[in-house]
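# Residue-level structural notes
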Amino acid sequence: MPSEKHIKEAFSLIEDKSKLLGLTIGSHENVQPGTWLPRKAAQEPPKLSFAGANPTSTYLAVSLDIDAPFPSFDILGPILHWIQSDIKATSEGVLEFDAPFVANYIGPAPPPVSSPHRYTFFLFEQPADFDLTAYAPAGGKKLGNASRMRYDLDAWAEKIKLGPLVAFNYFTSN
């Protein structure tokens, strides 16, 4: 499976509660790993926070559905759901950004008969020389579905020399 290295690392990271990425999704605050959310509640990008964030650092967030199209048959996965660069932390650990997305956020949309999918959120240190214009679609164009399927986060991370994974969280939905 593409992205296997980062997925394994991320799930081991949440054992350390200090590495938990804060997610507020719609009216659901302080989403804990594995929390089930209704699909309608997660159609807008989450608000992010991380208590361990350094206000002088810049971060990049990536979201993947690692169970597409079905958890028992994940041949299309992972599916890219979001990449946001140029994220800065406030002194309270709230993560903010005003840069264009690299990949626009799409909410959960598993097939109607599927069991819940895991929607993962990774927070990385962004490379100092990351060039948003080299990766973001021109004019804010949305990313098509074909570019999202079998997304290889491991290869992209290597290509852009992505910094270390610093926080992680996920929710489930169907």
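Scope of this entry: the structure provided in the associated data block. (Residues numbered from 1 in each chain as written. Predicted model: local features only at pLDDT ≥ 70, side-chain atom pairs only at ≥ 80, totals over all residues. Heavy atoms only, no water.)

### As for unusual backbone geometry
Here is the rule we go by: In this description a helix means any DSSP run of H or I spanning at least four residues, a strand means any run of E spanning at least two, and both kinds are numbered starting from the N terminus.
That bond from Ala68 to Pro69 is cis: its omega, -5°, falls within 30 degrees of zero. Within the element layout of this structure, Pro69 appears in the loop between β4 (59-65) and β5 (79-89). Here the amide bond leading from Gly77 into Pro78 is cis, since omega sits at -5°, within 30 degrees of zero. Residue position: Pro78 is located in the loop between β4 and β5.

### A closer look at the pairing of strand β9 (residues 165-173)
Heads up, the condition is: Working definition: with a 1.4 Å probe on protein chains only, accessible area under 20% of the residue-type maximum means buried, over 50% means exposed, and in between means partly exposed. Two strands qualify as a pair provided that DSSP identifies no fewer than 2 bridges between them.
Across the nine residues that make up β9, a large majority, nine, are buried. Pairing geometry for strand β2 (residues 35-36) and β9, over two bridges, is parallel. Note that in β9 the partner of Thr35 across the bridge is Phe171. Strand direction decides the pairing type here: strand β8 (residues 117-125) and β9, joined by eight bridges, are antiparallel. Among the inter-strand pairings, Arg118 is bridged to a residue of β9, identified as Thr172.

### Things to note about the packing of helix α1 (residues 4-13) against helix α3 (residues 153-160)
Cut-off, in case you're wondering: The convention used is that axes are lines fitted to C-alpha atoms, helices contributing only their stretch in contact, and that angles between N-to-C directions extend from 0 to 180 degrees. Should an angle lie under 35 degrees it is considered roughly parallel, over 145 roughly antiparallel, and from 65 to 115 roughly perpendicular; all remaining angles are considered oblique. We call two residues contacting when some pair of their heavy atoms lies within 4.5 Å. Each residue is assigned to one class: nonpolar for Ala, Val, Leu, Ile, Met, Phe, Trp, Tyr, Cys and Pro, charged for Asp, Glu, Lys and Arg, and polar for all the others, Gly among them.
Contact geometry of α1 with α3 gives a least axis separation of 6 Å together with a crossing angle of 95°. Between α1 and α3, the angle is such that the two are roughly perpendicular. Contact residues: α1 offers Glu4, Lys5 and His6, while α3 offers Leu153, Asp154 and Ala157. Here the contact of α1 with α3 is built from residues that sort into two nonpolar, one polar and three charged.

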